[in-house]
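Examining the three-dimensional arrangement
Spelled out from the first residue to the last, the chains are:
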Amino acid sequence: MSTVSGIADEALGPTITIGEILVEIMATTIGEGFRAPQTLIGPFPSGAPAIFIDQVAKLGGACGIIAAVGDDDFGWLNIQRLEADGADVSAIAVLPDQTTGSAFVRYREDGSRDFVFNIARSAAGHVAMTEAAKSLISRAGHLHVMGSAFAIPGIGPIVLEALRVVKGRGGSVSLDPNVRKELLSGGQGSEALDAVLAEADLLLPSGEELFMAAGVADENKAIETLLARGATEIVVKRGEEGASVFSVQERIDRAAFVVEELDPTGAGDCFGATYLTCRRKGLTAEQSLRYANAAGALTVTRRGPMEGTCSFAELDAFIASQESRNNS
C-alpha cells in the first residue's frame with residue numbers, strides 16, 4: 001500500500017463515510033419560509049454524506065456508506081440511486097419503525113435558504129454499529145467524516161471506532177468540518193469532532209470552518225497551525241472565488257469555473273469527493289484541484305442536491321467546453 005501525501009491509495013480498500021441520508025423537497029417559489037401553501041418539487045436523494053459517496057461512486061471509486069433510512073419510498077429512492085451509481089449500500093440499515101429523514105428548502109431573494117429539517121427524529125437519527133457496518137469498516141482504506149454527522153446523537157462513537165480501525169490498517173482520514181460547534185449534539189459530538197480533527201490527513205474547510213478548526217482567525221496562521229498538528233493537505237473551498245491546496249511543500253491556487261448557478265446544494269460535497277478520489281487514484285494535487293473545481297461548478301448548474309454528481313467523462317467534457325469558450 002502506498003500513499004499520496006499521506007492519503008491512502010485505492011489498493012487498500014474503499015472510501016467510506018457515516019451519517020445522514022435524507023430526501024430534499026424544494027419550493028419552486030422565491031421567498032421566506034414555508035408559512036403559506038406553495039408548489040414544491042422533489043423528493044430528491046440527499047444528505048451530505050450520501051451526496052459525497054455518490055460522487056465517489058460516479059468517479060469509479062470503491063465506496064460505501066453507513067447510514068439508516070425508513071422502510072418507505074424516500075428511503076428506497078436513496079438506496080436505489082446509490083446502488084445504481086456503484087456505491088456499497090450493504091451498511092444502510094432499513095428501519096421499519098422509522099421514517100426517512102427530510103429537508104424542505106426555499107430560496108430567498110438574496111440566494112440564501114430557509115430549511116425545515118427532520119433528521120434527529122427520523123431514521124437518520126438512529127445510525128448504529130451493525131454487523132454490516134463493522135464489515136464495511138473492516139475493509140475500508142479511507143474514512144471521510146462530515147462535520148454535519150455529529151449533529152446526530154450517538155454518531156460520535158461509531159465514527160471514532162471507524163477511525164481507529166481504518167488508521168490501524170494504514171488507511172487515511174479526511175474531514176469536512178461543515179458544522180458550527182454550537183449545533184453539535186452535546187459535548188460528545190464536539191469531543192468526537194476534535195478527535196477526528198487531530199487524526200485527519202486531509203481537511204476540506206470553507207469560510208469560517210478553517211478558523212474554527214484551527215482556533216486562529218487568520219488564514220496563514222490557521223494553515224500553519226493545522227499542518228503542524230499533522231494534516232498533510234488542506235483544501236480551502238472558496239466558492240465562486242475558486243479553491244486552494246496547502247501542504248508543507250506547496251500552495252496551489254485555482255480560479256473557479258464561471259457558470260450560472262441554479263442550485264448550490266451539494267457543490268461542496270461533490271468538490272471534496274472529487275478531490276479525494278483523484279488523490280486516491282494517484283493524480284497530483286494540481287490535477288485533483290482542477291477536477292474538484294469542475295465538479296463543484298457543474299453541480300450548481302443542476303437542480304437537486306445529488307443531481308450534480310458526475311463521472312470523469314462528464315468532467316472532462318465540461319472542462320473542455322469551458323476552456324474552448326475562454327480561448328474563443
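Now for a description of the structure that goes with this document. Only a predicted model underlies this, so the values are computations on that prediction, with no experimental measurement involved.

Right, let's get into the packing of helix H1 (residues 48–58) against helix H8 (residues 267–280). Axis angle and axis distance: for two packed helices, these are the angle between their axes and the distance between the axes, and together they describe the pair. Orientation of H1 relative to H8, taken along the N-to-C sense of each, is 40 degrees, at an axis distance of 8 Å. Of the possible angle classes, the one that applies to H1 and H8 is oblique. Considering only the axes of H1 and H8, their crossing is right-handed. Contacts from Ala48, Ile51, Phe52, Gln55 and Val56 in H1 reach Asp269, Cys270, Gly272, Ala273, Thr274, Leu276 and Thr277 in H8. Classifying every residue of the contact of H1 with H8 by side-chain character gives seven nonpolar, four polar and one charged.

In this section: the sheet that holds strand E3 (residues 15–18). What links the strands of a sheet is backbone hydrogen bonding, and the strands pair in either a parallel or an antiparallel sense. A sheet is described by the order of its strands in space; here nine strands give the open sequence E7-E6-E3-E10-E11-E12-E13-E14-E15, paired in mixed fashion. Each end of this open sheet is capped by a strand with a single partner; those strands are strand E7 (92–95) and strand E15 (251–254). Relative to E15, strand E14 (residues 243–246) is paired through four bridges, and the arrangement is antiparallel. Across the sheet, Val245 pairs through a bridge with Ile252, a residue of E15. Relative to the sheet, helix H4 (residues 155–168) contacts E3, strand E10 (142–146) and strand E11 (172–176), its axis offset from that of E10 by approximately 155 degrees. Its contacts with the sheet place helix H9 (residues 285–300) against strand E13 (233–237), E14 and E15, and it is angled at close to 30 degrees to E15.

Here we come to the side chain of Asp176. Mapped onto the elements of the fold, Asp176 is located in strand E11. Judged by relative accessible area, Asp176 falls into the buried class, the value being 4%. Those residues in contact with Asp176 that sit more than four places away from it in its chain are His144, Val145, Met146, Gly147, Leu204, Glu209, Lys237 and Asp269.

For the rest of this paragraph, the subject is unusual backbone geometry. Here the bond from Gly42 into Pro43 is cis, since omega is 5 degrees, no more than 30 degrees from zero. Along the chain, the position of Pro43 falls in strand E5 (residues 40–46).

On to the packing of aromatic side chains, then. Summed over the entire model, instances satisfying the criterion amount to four aromatic pairs. Both rings, one in Phe34 and one in Phe104, keep their centres 6.3 Å apart while their planes meet at 80 degrees; by these two values the pair is edge-to-face. In this pair, Phe34 sits in the loop between strand E4 (22–27) and E5 while Phe104 sits in strand E8 (residues 101–107), placing the two residues 70 residues apart along the sequence. Its relative accessible area of 27% is what places Phe104 among the partly exposed residues. When the ring of Tyr291 is compared with that of Phe312, the centres are 5.1 Å apart and the planes differ by 75 degrees; the resulting orientation is edge-to-face. Within this pair, whereas Tyr291 is found in helix H9, its partner Phe312 is found in helix H10 (residues 312–327), the two being separated by 21 residues in sequence. A relative accessible area of 14% means that Tyr291 is categorised as buried.

In this structure, Ile18, Leu143 and Ile234 are the most contacted members of the largest nonpolar core, which totals 43 residues. With seven residues, the top contributor of residues to this core is H4. Those residues in contact with Leu143 that sit more than four places away from it in its chain are Ile16, Ile18, Val159, Ala162, Leu163, Val166, Ser172, Val173 and Ser174. Counting residues in hydrophobic clusters, the runner-up holds 34 residues, among them Ala57, Val69, Val89 and Ala243.

Here we come to the pattern of salt bridges. Under the counting rule described, the total for this entry stands at 14 salt bridges. Between Glu307 and Arg81 there is a salt bridge, with its nearest N and O atoms 3.2 Å apart. Of this pair, Glu307 sits in the loop between H9 and H10 while Arg81 sits in helix H2 (residues 73–85); the two residues are 226 residues apart in sequence, bridging distant segments of the chain. Using a relative accessible area of 28% as the deciding quantity, one classes Glu307 as partly exposed.

Quantified by volume, the largest pocket comes out at close to 1600 Å³. Lining the largest pocket are 46 residues, and of these Arg113, Pro264, Thr265, Gly266 and Gly268 sit closest to its centre. For the lining of the largest pocket, the secondary-structure elements that each account for two or more residues are E4, H1, strand E9 (113–118), H8 and H9. Tallying contributions element by element places H9 first for the lining of the largest pocket, with five residues. Split by residue class, the lining of the largest pocket holds 20 nonpolar, 15 polar and eleven charged.

Let us now look at the side chain of Ser244. Position of Ser244 relative to the elements: it lies in strand E14. For Ser244, a relative accessible area of 2% gives the class buried. At a separation of 2.4 Å, a polar atom in the side chain of Ser244 contacts the side chain of Asp253. Contacts of Ser244, omitting those with residues within four sequence positions, involve Ile234, Val235, Val236, Arg238, Arg251, Ile252 and Asp253.

Reading guide: rules and limits
- Residues numbered from 1 in each chain as written.
- Predicted model: local features only at pLDDT ≥ 70, side-chain atom pairs only at ≥ 80, totals over all residues.
- Heavy atoms only, no water.
- Axes fitted to C-alpha atoms, helices over the stretch in contact; angles between N-to-C directions.
- Helix = DSSP H or I, 4+ residues; strand = E, 2+ residues; numbered from the N terminus.
- Parallel < 35°, antiparallel > 145°, perpendicular 65-115°, else oblique.
- Left-handed = near helix turned anticlockwise from the far one by under 90°.
- Contact = heavy atoms within 4.5 Å.
- Nonpolar A, V, L, I, M, F, W, Y, C, P; charged D, E, K, R; others polar.
- Pairing = 2+ DSSP bridges.
- Buried < 20%, exposed > 50% of the residue type's maximum accessible area, 1.4 Å probe, protein only.
- Phe/Tyr/Trp six-rings, centres within 6.5 Å; stacked < 30°, edge-to-face > 60°.
- Core = buried A, V, L, I, M, F, W, Y, C linked by side-chain atoms within 4.5 Å.
- Salt bridge = Lys/Arg side-chain N within 4 Å of Asp/Glu carboxyl O.
- 1 Å grid on protein atoms, 1.4 Å probe; cavity = no way out; pocket = protein on both sides within 12 Å on 5 of 7 lines; lining within 4 Å.
- Points joined across faces, edges and corners; volume = space filled by probe spheres on them.
- Polar contact = N/O pair within 3.5 Å; in protein donor to acceptor, adjacent residues only side chain to side chain.

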